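What follows is each chain in one-letter form.
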Amino acid sequence: GGTESETFKVTLREPPLIERIDVIYKYPEYTGLAPQKVDGVGGEIRCLIGTTVEMTVSVSAAIEGGSVAFGRGEVLNSGRRTDDGRSVTFTFTVLANDTYQVHLAGQMTGGTAAVYRITALDDKAPAVQFTMPNRDAAAAPGETVKMGLKASDDYGLGEVRLMAQSDKEDVPRVVTGWKKFADPKEAVIDHAFAIDPGRYKLGQTIMYWAEAYDRRT
């Protein structure tokens, strides 16, 4: 004789697939930029170094969770899943160029996940130049030299300094500085550099230059 158990069934379903990837870029505080939402980025992350990225992955079916594996070896498992399980959000900070893969719970094992690129954009150093006199000049103690400066920075200037050092001084000094600008991204500055007779004597040579700093410092 023999017997058989109750019969059960297996319902075959499609594994979850990534439908879209949306991001919110939260830029470093010093930039003064508001968060930027970019929908449907296709997986590519491109932002300033130090930016915090909120990446939302929308999928074709409800999932229990997922993870992000970065090319440098780090794995991020702490994604926030929506109540319906149809999307999961990961948060990370971009510090260098990298790649990443998204792995969804319920995907078939042995499959190859798409590789997406992360491009970390450098914050370029500020630029500063003299517009006047923009050359060597001659002046006597007690006179002034009219100077013009132009400085710029992608995300805003923090400070511009006029520096000077005579051939009789061991260290340079700050002649004056500016920290407030009508347009922090591009500043035009006029200054009258006084040749102090108490500090400088005939025959001396004064070297002068400008320094510009962004808001990171």
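Treat the numbers as computed from the prediction; the structure is a model and nothing was measured.

Once that is clear, we can look at the overall build of the chain. Secondary structure assignment for the chain yields zero helices and 16 strands. What you see for the chain is a C-alpha radius of gyration of 30 Å, clearly larger than the 17 Å of a compact globule of 217 residues, by over 25%. Seen through its C-alpha atoms, the chain measures out along the principal axes to roughly 125 × 30 × 20 Å. Every one of the 217 residues in the chain was classed for burial, and the buried ones make up 35%. By sequence separation, contacts in the chain at least 24 residues apart represent 64% of the contacts at least 6 residues apart.

Where strands meet in a sheet, backbone hydrogen bonds hold them as pairs that are either parallel or antiparallel. The three strands lie next to each other as β14-β13-β16, forming an open sheet whose pairing is antiparallel. Across the chains shown, the open sheet's two edge strands, defined by having one partner strand only, are β14 (173-178) and β16 (206-214). The average angle at which neighbouring strand axes cross in this sheet is 20 degrees, direction not considered. Two strands pair when backbone bridges link them, and strand β13 (residues 157-166) and β14 are joined in this way by five bridges, in the antiparallel orientation. In the strand pairing of β14, Leu162 is matched with Thr176.

Turning our eyes to something else, we now look at the nonpolar core. With 28 residues, the main nonpolar core has Ile45, Val53, Met55 and Tyr100 as its most contacted residues. Only β1 (18-26), β3 (45-48), β4 (52-59), β5 (66-70), β8 (87-93), β9 (98-104) and β10 (116-121) provide two or more residues apiece to this core. Among the nonpolar cores identified, the runner-up in size contains 18 residues, and Ala151, Val160, Leu162 and Phe181 belong to it.

For the rest of this paragraph, the subject is the side chain of Asp153. As for its position among the elements, Asp153 is in the loop between β12 (144-152) and β13. One buried charged residue, Asp153, remains without a salt bridge, the closest side chain of opposite sign being Arg216 at 6.1 Å. Within the structure, Asp153 has its side chain in polar contact with the backbone nitrogen of Gly156 (distance 3.1 Å). Other than its neighbours up to four places away in sequence, Asp153 contacts Asp123, Lys124, Ala125, Pro126, Lys185 and Asp214.

The strand order across the open sheet formed by five strands is β2-β1-β4-β8-β7, and the pairing between neighbours is antiparallel. Here the strands that pair on one side only, and so sit at the sheet edges, are β2 (36-38) and β7 (80-81). Two strands pair when backbone bridges link them, and β7 and β8 are joined in this way by two bridges, in the antiparallel orientation. Bridge pairing in β8 links Arg81 to Val88.

Summed over the entire model, instances satisfying the criterion amount to four aromatic pairs. Look at Tyr25 and Tyr27: their rings are 6.2 Å apart centre to centre, the planes differ by 40 degrees, and that puts the pair in the tilted class. In this pair, the class of Tyr25 matches that of Tyr27, namely buried. When the ring of Phe70 is compared with that of Phe92, the centres are 5.2 Å apart and the planes differ by 70 degrees; the resulting orientation is edge-to-face. Placement of the pair is Phe70 in strand β5 and Phe92 in strand β8, with a sequence separation of 22 residues.

Along the chain, Met132 connects to Pro133 via a cis peptide bond; the corresponding omega equals -5 degrees. Mapped onto the secondary structure, Pro133 falls in the loop between β11 (127-132) and β12. Even without a glycine there, the phi angle at Asn134 is positive, about 55 degrees. Topologically, Asn134 is positioned in the loop between β11 and β12.

With that out of the way, let us pick up the pattern of salt bridges. What the rule picks out here adds up to 11 salt bridges. Here Glu169 ties to Arg199 by a salt bridge, and the two come within 2.9 Å at their closest N and O atoms. Here the residue Glu169 occupies a position in the loop between β13 and β14, and Arg199 occupies one in the loop between β15 (186-194) and β16, the gap between them amounting to 30 residues. Overall, Arg199 belongs to the partly exposed group, its relative accessible area being 39%. Sharing partners across several salt bridges, the network here consists of Arg72, Glu74 and Asp98.

Cut-offs and rules
- Residues numbered from 1 in each chain as written.
- Predicted model: local features only at pLDDT ≥ 70, side-chain atom pairs only at ≥ 80, totals over all residues.
- Heavy atoms only, no water.
- Helix = DSSP H or I, 4+ residues; strand = E, 2+ residues; numbered from the N terminus.
- Rg over C-alpha atoms; globule rule 2.2 N^0.38 Å.
- Buried < 20%, exposed > 50% of the residue type's maximum accessible area, 1.4 Å probe, protein only.
- Contact = heavy atoms within 4.5 Å.
- Pairing = 2+ DSSP bridges.
- Axes fitted to C-alpha atoms, helices over the stretch in contact; angles between N-to-C directions.
- Core = buried A, V, L, I, M, F, W, Y, C linked by side-chain atoms within 4.5 Å.
- Lys, Arg positive; Asp, Glu negative; His and termini not counted.
- Salt bridge = Lys/Arg side-chain N within 4 Å of Asp/Glu carboxyl O.
- Polar contact = N/O pair within 3.5 Å; in protein donor to acceptor, adjacent residues only side chain to side chain.
- Phe/Tyr/Trp six-rings, centres within 6.5 Å; stacked < 30°, edge-to-face > 60°.

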